[in-house]
Amino acid sequence: MKRLSTLALTSIVALGAGVSAAQADKLTLYCSAQEDWCQLMARSFEDATGIDVNMTRKSSGETFAQIKAESANPKGDVWWGGTGDPHLQAAEENLTMAYVSPMRDQLHDWAISQATSAGDKTIGIYSGALGYGYNTDLLAANNLPEPSCWKDLLKPEYKGHVQMANPNSSGTAYTTLASMVQLFGEDEGFEFMKGLHANINQYTKSGSAPIKAAGRGENTIGIVFMHDAVKQAVSGFPVKVVAPCEGTGYEIGSMSIIEGARNEDEAKKFYDWALSTDAQNLALEVNAFQVPSNTGAEMSPSAPDMSTITLIDYDFKTYGSSAERKRLLQKWDEDVSTLPQ
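**As for the pattern of salt bridges**
If you walk through the whole model with that rule in mind, you get 14 salt bridges. Two residues, Asp120 and Arg104, come together in a salt bridge whose shortest N-O distance is 2.7 Å. On the criterion of sequence distance, the pair formed by Asp120 in the loop between helix H5 (109–117) and strand E5 (123–135) and Arg104 in the loop between strand E4 (96–97) and H5 is long-range, its members being 16 residues apart. Given a relative accessible area of 16%, Arg104 falls into the buried group. We note a salt bridge from Glu186 to Arg327, for which the minimum N-O separation is 2.8 Å. Taken together, the positions of Glu186 in helix H8 (residues 186–197) and Arg327 in helix H14 (residues 322–335) put the pair 141 residues apart, joining distant regions of the chain.

Structure representation (structure tokens):
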């Protein structure tokens, strides 16, 4: 009887150890890039490491809200992709943890600068300029002039032909709001947003949705990051990409480890792997045309040439701060979204 009890105990301990090992080989990934890229990153990391990945794709604003809501009992391990502003806000609110990857010496200065401004609680993984794209067939069918500037989109003939995401849920749209404030000054920037509101046919949840709708012929002009418009054009849709004449803002897409991650070791493995050339080269397989942060990663010749685009000196620290983001979103909610269309 004693021997049986010992064997039973040994079996239970072994079983427990097996369960612990299985649990240790998992990763919960929150992804805010395009769906096919998120899936490819998750599956490729599984193939490279044998670690099972549970991936959820949501926009940047939604993911930030989820991480904040779960902060007392974190369920995610890594947040990969999406605009840098909400990543910076998460860092400021101690929702993410500091980590210095051994891969940092392979990265562009702008990626490391993102980490420095957040106390190493996030890092840049790609960059992309803001702009818009339009469906050339719909533009011609509606006898509309070709827009080339931000302020062209305020013309009355474009009423009902412009689409952008809601800045409360979308990092792309928040970058648009913050860019207009920096480009034109706050008063004129909000006047621009009010004028644009009059021409908007729908505020989407996802930042890339407006140009996807344009590609399908359901919308004429979509305000998005230019690489998302390039993806539609390369996919064969009648979309022309515009770098606005006045200049424009840009994003530093980021990655963060969630504070209190249940699988911290696996999170760090993903973090390091995601900064490698092999991982960043995966973008080309899904026509993701951002500029990669690893200096050795490949770039598609179809990607927007950032050197030819007039970029503002985007103040990531200010507009990624919790107080400023909340203030601008509240002002947009009260002064812009409530206006008639």
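This is not the end of the story, as more comes after the structure.
**Concerning the nonpolar core**
Core analysis: the largest hydrophobic core is formed by 45 residues, its most contacted members being Trp150, Met193, Leu196, Ile223 and Tyr314. Sort the elements by how many residues they give to this core and helix H7 (residues 171–184) lands first, with 7 residues. With sequence-adjacent residues up to four places away left out, Met193 is seen in contact with Met164, Leu177, Met180, Trp332 and Val336. Within the second largest apolar cluster, 38 residues are counted, among which are Ala33, Ala42, Val53 and Leu282.

**Here's the deal with the pairing of strand E8 (residues 221–225)**
Counted residue by residue, E8 has 5 buried out of 5 residues, so it is predominantly covered. Relative to E8, E5 is paired through 5 bridges, and the arrangement is antiparallel. Pairing of Leu130 across the sheet is with Phe225, part of E8. Sheet topology places strand E6 (residues 162–165) next to E8; 2 bridges connect them, and they run parallel. In the sheet register, Val162 faces E8, and the bridge partner there is Ile221.

**Focus: the packing of helix H2 (residues 35–49) against helix H11 (residues 264–274)**
Look at H2 against H11: their axes get within 11 Å of each other, and the N-to-C directions meet at 110 degrees. By the angle class used here, H2 and H11 are roughly perpendicular. Only Glu266, Lys269, Phe270, Trp273 and Ala274 of H11 make contact with H2, whose side of the interface consists of Met41, Ser44, Phe45 and Ala48. The residue makeup of the contact of H2 with H11, split by class, is 6 nonpolar, 1 polar and 2 charged.

**Description of the packing of H7 against H8**
Where H7 contacts H8, the axes come no closer than 7 Å and their chain directions differ by 130 degrees. One finds that H7 runs oblique with respect to H8. Helix-helix and strand crossings are classified by hand; for H7 and H8 the assignment is right-handed. Counted together, Leu177, Met180, Val181 and Phe184 of H7 and Glu186, Glu188, Gly189, Phe190, Phe192 and Met193 of H8 form the full contact between these two elements. The residue inventory of the contact of H7 with H8, partitioned by class, reads 7 nonpolar, 1 polar and 2 charged.

Thresholds, definitions, all that
Residues numbered from 1 in each chain as written. Predicted model: local features only at pLDDT ≥ 70, side-chain atom pairs only at ≥ 80, totals over all residues. Heavy atoms only, no water. Salt bridge = Lys/Arg side-chain N within 4 Å of Asp/Glu carboxyl O. Helix = DSSP H or I, 4+ residues; strand = E, 2+ residues; numbered from the N terminus. Buried < 20%, exposed > 50% of the residue type's maximum accessible area, 1.4 Å probe, protein only. Core = buried A, V, L, I, M, F, W, Y, C linked by side-chain atoms within 4.5 Å. Contact = heavy atoms within 4.5 Å. Pairing = 2+ DSSP bridges. Axes fitted to C-alpha atoms, helices over the stretch in contact; angles between N-to-C directions. Parallel < 35°, antiparallel > 145°, perpendicular 65-115°, else oblique. Nonpolar A, V, L, I, M, F, W, Y, C, P; charged D, E, K, R; others polar. Left-handed = near helix turned anticlockwise from the far one by under 90°.

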